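Per-entry structural report
Each chain, written out:
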Amino acid sequence: MPNEARPSTGEQAKQHALARLREAILQGEMAPAQRLVENELAERFGVTRASIRAALIDLEAQGLVERIRNRGSRVRLVTVEEAVAITECRMVLEGLCAARAAVAASDAQLDELDELGRAMTKAVADGEPMTYSELNQQLHAKVREFSGQRTAVELLERLNAQLVRHRFQLALRPGRPQHSLDEHLAMIEAIRARDPQAAEAAVRAHLAGVIEALRE
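Heads up: these notes are all about the structure in this document. (Residues numbered from 1 in each chain as written. Predicted model: local features only at pLDDT ≥ 70, side-chain atom pairs only at ≥ 80, totals over all residues. Heavy atoms only, no water.)

Comments concerning the packing of helix H5 (residues 107-125) against helix H6 (residues 129-147)
The geometry of H5 relative to H6 is characterised by a closest axis approach of 9 Å and an angle of 165° between their N-to-C directions. In terms of orientation, H5 lies roughly antiparallel with respect to H6. By crossing handedness, the relation of H5 to H6 is classed as left-handed. Across from Gln-109, Glu-112, Leu-113, Leu-116, Ala-119, Met-120, Ala-123 and Val-124 in H5, the residues of H6 making contact are Thr-131, Tyr-132, Leu-135, Asn-136, Gln-138, Leu-139, Lys-142, Val-143 and Phe-146. Split into classes, the residues belonging to the contact of H5 with H6 amount to eleven nonpolar, four polar and two charged. (Axes fitted to C-alpha atoms, helices over the stretch in contact; angles between N-to-C directions. Helix = DSSP H or I, 4+ residues; strand = E, 2+ residues; numbered from the N terminus. Parallel < 35°, antiparallel > 145°, perpendicular 65-115°, else oblique. Left-handed = near helix turned anticlockwise from the far one by under 90°. Contact = heavy atoms within 4.5 Å. Nonpolar A, V, L, I, M, F, W, Y, C, P; charged D, E, K, R; others polar.)

Written out as structure tokens, the structure reads:
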């Protein structure tokens, strides 16, 4: 949005600041524990400090920001222990979504999953871990979307946002994409076979592998 078109105050301004701040955190532009100075952010995003403050309150509720008494706000640092706990919750919710997708997905949607699986295989073969990581996220997002389980999707979006730092670290770990590729292909195969039990088991097995990798 051009500077002159940005609302500087009110709900629209808060939503603008919220979207931009959230994107910066999720893209890794703002590091864990980095201080979030209201004046600087207001100038950067062309809104008032009040809009920034309101956006930071929302981001705190989402688990992305922590506000420290008398010290302001900073990007929340998620520990390995917290990441493991979050992933344990993901096992239940993503397993549910995979089981639902196995029943509800259309043939065209199943073809989309196959296409993602082929792209992930190519990314691993080409030695492109960040491409693989992005495709990984797309695959999980598609499974959630195709499940039609809106409550689980909303919960997972909040949980997954808190894992961004750990996701990047795992993606760059030598050998990790190759290890997880088979797990993702098994998930796709089970959903394509319209076997909800196998789909849920495949997701749980994959995320159990993620937990093991986090603890290494």
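Describing the nonpolar core
The biggest cluster of nonpolar side chains holds 40 residues, and the ones touching the most others in it are Leu-113, Leu-139, Val-143 and Ile-191. When residues in this core are grouped by element, the largest group, nine residues, is from helix H4 (residues 80-104). Leave out the neighbours within four places in its chain, and Leu-113 touches Leu-139, Lys-142, Val-143, Phe-146, Ile-188 and Ile-191. Counting 22 residues, the second largest nonpolar core, distinct from the first, contains Ala-17, Met-30, Ile-52 and Val-75. (Core = buried A, V, L, I, M, F, W, Y, C linked by side-chain atoms within 4.5 Å. Buried < 20%, exposed > 50% of the residue type's maximum accessible area, 1.4 Å probe, protein only.)

A closer look at the environment of Phe-45
Structurally, Phe-45 can be placed in helix H2 (residues 38-45). Separated by 24 residues in the primary sequence, Phe-45 and Leu-21 place their C-alpha atoms 8.9 Å from one another.

Thoughts on the pattern of salt bridges
Inspection of every chain in the model, using the stated rule, returns 18 salt bridges. Residues Arg-144 and Glu-94 are paired through a salt bridge, measuring 3.8 Å at the closest nitrogen-oxygen approach. Of this pair, Arg-144 sits in helix H6 while Glu-94 sits in helix H4, and the two are 50 residues apart along the sequence. Relative accessible area serves as the criterion here: at 12%, Arg-144 is assigned to the buried category. A single salt-bridge network, built from bridges that share partners, covers Glu-11, Lys-14 and Asp-58. (Salt bridge = Lys/Arg side-chain N within 4 Å of Asp/Glu carboxyl O.)

With respect to the environment of Asn-160
Checked against the element boundaries, Asn-160 lands in helix H7 (residues 150-161). A sequence separation of 134 residues divides Asn-160 from Leu-26, and the C-alpha atoms of the two residues are 9.7 Å apart. Here Arg-90 takes part through its side chain, which lies 2.9 Å from a polar atom of the side chain of Asn-160. (Polar contact = N/O pair within 3.5 Å; in protein donor to acceptor, adjacent residues only side chain to side chain.)

Let's talk about the environment of Leu-139
If you trace the backbone, Leu-139 turns up in helix H6. For Leu-139, a relative accessible area of 0% translates into the label buried. Once the C-alpha coordinates of Leu-139 and Ala-54 are considered, the two residues, 85 residues apart in sequence, prove to be 33 Å apart. Excluding residues within four positions of it along the chain, Leu-139 makes contact with Leu-113, Leu-116, Met-120, His-184, Met-187 and Ile-188.

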